[in-house]
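# Inside the fold
In case you want the letters, here they are:
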Amino acid sequence: MLKGFKDFILRGNVVDLAVAVVIGAAFTAIVTAFTSSIIQPLLNAITPPDVPALGIQLQADKPSTLINFSEVIAAAINFLLVAAIVYFVFVLPIQTIKNRRRRGEEPGPAEPTDVELLAEIRDLLKAQANSSSNGRHQA
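What counts and how
Residues numbered from 1 in each chain as written. Predicted model: local features only at pLDDT ≥ 70, side-chain atom pairs only at ≥ 80, totals over all residues. Heavy atoms only, no water. UniProt positions renumbered as here; feature names shortened; annotations may be inferred. Helix = DSSP H or I, 4+ residues; strand = E, 2+ residues; numbered from the N terminus. pLDDT = per-residue confidence, 0-100. Salt bridge = Lys/Arg side-chain N within 4 Å of Asp/Glu carboxyl O. Buried < 20%, exposed > 50% of the residue type's maximum accessible area, 1.4 Å probe, protein only. Phe/Tyr/Trp six-rings, centres within 6.5 Å; stacked < 30°, edge-to-face > 60°. Core = buried A, V, L, I, M, F, W, Y, C linked by side-chain atoms within 4.5 Å. Contact = heavy atoms within 4.5 Å.

Per an unreviewed UniProt entry, the protein goes by Large-conductance mechanosensitive channel and derives from Pseudonocardia yuanmonensis. Database annotation for the protein, UniProt heading Subunit (unreviewed entry): "Homopentamer." For the protein, the Subcellular location (unreviewed entry) comment in UniProt is given as "Cell membrane".

So, in structure tokens, the structure goes:
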């Protein structure tokens, strides 16, 4: 039971996905602040003073009809920055370690010995026997 869980957790794609989600969420706030505070104002500076953003105002008297290209461009830059950070800081180093292990340059995690496995089985059986005998006395 524990070996199956360990194998599931240590699968490359599960670890990569977990790292990407956690780190992506952590960096998203930083990158979003960067794009909304620096990139988007730079994009908006390109427009004439009477236009609120880099975009098209469909009706002059309705601000809600602005098609805002600067927000879309900032969101795309935001996504690319988060993806690059996750890839170069986490995914690439993990892939490098996996490739070294496949080539035999770096040892992988140590497998338990037969004695360790037998001791673990013994302890589990002992714990099961104790819990079932305690249950009989209490009933």
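### Some points on the UniProt feature "transmembrane region" (unreviewed entry) in the protein
According to UniProt, the "transmembrane region" (unreviewed entry) feature falls on residues 12–34 and 72–94. Its end C-alpha atoms 32 Å apart, residues 72–94 is made of 100% helix and 0% strand.

### As for the confidence of the model for the protein
Per-residue confidence for the protein gives a mean pLDDT of 77, with 82% of residues at or over 70. Of all secondary-structure elements in the protein, the lowest mean pLDDT belongs to helix 1 (residues 2–9), at 66, while helix 3 (residues 69–103) reaches the highest, 82.

### Topic: the pattern of salt bridges
Enumeration according to the criterion identifies one salt bridge in this entry. Residues Asp123 and Arg122 are paired through a salt bridge, measuring 3.1 Å at the closest nitrogen-oxygen approach. Judged by its relative accessible area of 47%, Arg122 is partly exposed.

### Quick notes on the packing of aromatic side chains
Given two aromatic rings, one states the distance between the centres and the angle between the planes to describe the pair. In the structure shown here, the tally under the stated rule is one aromatic pair. On the basis of an interplanar angle of 80 degrees and a centroid distance of 5.1 Å, the ring pair of Tyr87 and Phe88 is categorised as edge-to-face.

### Regarding the environment of Ala25
With respect to the element layout, Ala25 can be found in helix 2 (residues 12–44). Residue Ala25 is classed as exposed on the basis of its relative accessible area, which comes to 54%. Sequence separation between Ala25 and Val82 is 57 residues, and the spatial gap between their C-alpha atoms is 8.9 Å.

### Considerations on the nonpolar core
It is characteristic of soluble globular proteins that their nonpolar side chains tend to be buried jointly. If you look at the biggest cluster of nonpolar residues, it comprises five residues: Ile23, Val31, Val82, Val86 and Val91. Counting only elements with at least two residues in this core, the list comes to helix 2 and helix 3. Examining the composition of this core, we find that three residues originate from one element, helix 3, more than from any other. Contact partners of Val86, with chain neighbours within four places excluded, come to Ala20, Ile23, Gly24 and Val91.

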